[in-house]
Amino acid sequence: MKEMASFSTIIVLLFSFNIHVIQGYYYDKGTVQTITKCPGYYCGRYQIPGDNETSLWSSCGPCPRGSRVNSTWACSECTSSPIAYDWMYLCFMVVIGLLAQWYSIDMMLPDSQFSWKTFGSHFSALIETCLSACITLLVHEPLGSLQLRSCTVNHLSDWYTILHNPNPNYEEVLHCAQEAVYPLYSIVFVHYGLSVFMLFFIRPWTNKAFQNRGHVASRPIYAALYLYPILALIHGIMAGLIYYAFPSIIILLSLMSHAFHFASRTDQSWRALLYETVSCIHNLVVVIGHWVLHGFGLVALTLWLQPESLAVILTLVPLPTFLYIVLSRFTDPGKFHTD
C-alpha cells in the first residue's frame with residue numbers, strides 16, 4: 001500500500017507541473033518557394049528554375065562546386081581570394097613533392113658528388129614541378145589566370161564535411177559532403193596528376209640532354225611514380241591537419257634534415273664542417289636550401305600567430321647551422337668514455 005501511495009503521489013506531482021512535449025527537428029523537405037533552414041553545418045539550398053518563369057529553392061543538400069552554405073542556408077558562390085597563409089599552404093604541398101623527388105634522386109644516383117647528370121635530374125624535377133603548378137592555376141577559376149577564386153577556411157571541419165552529414169530525427173541521412181574549402185583540397189590532386197604527366201613528357205628529354213642512361217635515368221622515374229600516389233593518399237586523409245600544422249612540420253623536417261646532413265660528415269670539428277660547407281658546391285646548396293625551407297616555415301608560422309615579429313624571426317634562420325658547427329665538438333661520441 002505504501003508503494004502504491006508513493007507512485008500516485010509522483011503521478012500527481014508530474015501533472016501539477018507544466019510538462020513540455022519534446023518535438024523532433026523540423027525542416028521543409030523538397031523544394032520550397034521561400035528559403036528555409038536546413039539541418040547540419042553544410043547542408044544548403046540553391047535556386048533552381050521553376051514553372052511560370054519563377055525560381056524555387058532546391059531541397060537541402062550539398063552546395064554546388066565553388067560555393068558553400070551561408071548563415072541563411074543559401075548556397076553562395078565563393079568570390080574571395082586565398083589569403084597569404086593559403087598560398088603558403090599550396091606552396092608547401094608543391095615543395096614537398098619536389099623535395100621528395102630530389103631526395104629520391106640523391107639516394108638512387110650512384111654519384112654522391114655534384115655532377116652534370118645529378119644537376120640534370122634535379123633541374124628536370126624543378127621544371128616539371130613549376131610547369132605543373134602553373135598549369136594547375138591556369139585551369140582553375142578564373143580560367144587563364146594565375147589567381148584563384150576560393151572559399152574561406154573557417155574550421156577544421158571544413159576539410160572533412162563527409163563526417164558531418166546530418167541525420168535529422170534519425171530518419172534519413174542527408175549527404176551534404178562538399179568541398180567547403182574550394183579549391184584548396186582538389187587543386188593538390190590536380191597538381192600531382194599533372195606532375196606525373198610532366199614527368200613522362202619532360203624527363204626523357206632531359207635525360208637525353210644530360211646523357212643519363214640505364215638505371216641512372218629510370219630509377220628516379222620509378223621512385224616518383226611511387227611517391228606521388230603516396231603523397232596524394234596522405235593529402236586525401238590528412239589535408240585539414242596538414243593545413244594547420246604545415247609550418248611546424250616544415251620547421252621540424254628542415255632541422256632534422258639539417259642535422260642529418262652535418263652528422264654524416266666524418267670529421268666533426270668546426271673547422272672541417274665550415275670548410276666542407278664552403279668549399280663544396282653541393283654542400284653549400286644543401287645548406288642554403290635548408291635555410292630557405294626553415295625561413296619558409298618561420299614566415300608561415302609568424303604570419304599566422306604574430307605578423308609584427310616577422311623581421312626579427314627571420315634573423316634566426318641561420319642559427320641552427322651556426323649552433324651545430326660551434327657545438328659539434330661537445331657532442332662527438334669519441335669524447336664520451338665509460339667507466
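As a reminder, the structure under discussion sits directly above these lines.
Remember, it's a predicted structure, so these values are computed and weren't measured experimentally.

Calculation rules
- Residues numbered from 1 in each chain as written.
- Predicted model: local features only at pLDDT ≥ 70, side-chain atom pairs only at ≥ 80, totals over all residues.
- Heavy atoms only, no water.
- 1 Å grid on protein atoms, 1.4 Å probe; cavity = no way out; pocket = protein on both sides within 12 Å on 5 of 7 lines; lining within 4 Å.
- Points joined across faces, edges and corners; volume = space filled by probe spheres on them.
- Helix = DSSP H or I, 4+ residues; strand = E, 2+ residues; numbered from the N terminus.
- Nonpolar A, V, L, I, M, F, W, Y, C, P; charged D, E, K, R; others polar.
- Core = buried A, V, L, I, M, F, W, Y, C linked by side-chain atoms within 4.5 Å.
- Buried < 20%, exposed > 50% of the residue type's maximum accessible area, 1.4 Å probe, protein only.
- Contact = heavy atoms within 4.5 Å.
- Disulfide = S-S within 2.5 Å.

1. Things to note about empty space enclosed by the protein
Stage number 1. Enumeration according to the criterion identifies one cavity of 30 Å³ or more in this entry.
Stage number 2. Within this model, the largest cavity holds a volume of roughly 50 Å³.
Stage number 3. Together, S254, L255, H258, H290, W291, H294, V317, P320 and T321 line the largest cavity.
Stage number 4. Of all the secondary-structure elements, those providing two or more residues to the lining of the largest cavity are helix 5 (215-263), helix 7 (281-305) and helix 9 (319-327).
Stage number 5. Residue composition of the lining of the largest cavity, by class: four nonpolar, five polar and no charged.

2. Focus: the nonpolar core
Stage number 1. Core analysis: the biggest nonpolar cluster contains 34 residues, and Y89, W159 and F246 have the highest contact counts within it.
Stage number 2. For this core, the secondary structure elements donating two or more residues are helix 2 (84-108), helix 4 (186-209), helix 5 and helix 7.
Stage number 3. A total of 11 residues in this core trace back to one element, the largest contributor, which is helix 5.
Stage number 4. Ignoring any residue separated from it by four or fewer positions in sequence, one finds W159 in contact with Y89, V153, V181, L184, Y185, A239, G240, Y243 and Y244.
Stage number 5. One finds C38, C60, L174 and C176 within the second-largest nonpolar core, a separate group that totals six residues.

3. Regarding the state of the cysteines
What makes a disulfide is a covalent bond joining the sulfur atoms belonging to two cysteines.
Stage number 1. For the structure on display, the rule yields four disulfides.
Stage number 2. With its sulfur 2.1 Å from that of its partner, C38 forms a disulfide with C60. In this structure, the disulfide formed by C38 and C60 twists by about -85° around the S-S bond and is classed as left-handed. Of the two residues, C38 is situated in the loop between helix 1 (2-16) and strand 1 (47-49) and C60 in the loop between strand 2 (55-57) and strand 3 (67-69); the sequence distance between them amounts to 22 residues.

4. Let's talk about the environment of S55
Stage number 1. In this fold, S55 is placed in strand 2.
Stage number 2. You can call S55 partly exposed: its relative accessible area is 39%.
Stage number 3. For the pair S55 and V32, spaced 23 residues apart in sequence, the C-alpha to C-alpha distance is 9.5 Å.
Stage number 4. In contact with S55, not counting residues within four places along its chain, are Q47, I48 and G50.

5. Quick word on the side chain of S58
Stage number 1. Structurally, the position occupied by S58 is in the loop between strand 2 and strand 3.
Stage number 2. When residues no more than four places from it in sequence are discounted, the contact partners of S58 are G30, T31, R45, Y46 and I48.

6. Focus on the layout of surface pockets
Stage number 1. When its volume is computed, the second largest pocket comes out at roughly 250 Å³.
Stage number 2. Those elements giving two or more residues to the lining of the second largest pocket turn out to be helix 2 and helix 5.
Stage number 3. A per-element tally of the lining of the second largest pocket places helix 5 first, with 10 residues.
Stage number 4. The class makeup of the residues in the lining of the second largest pocket is 14 nonpolar, one polar and no charged.

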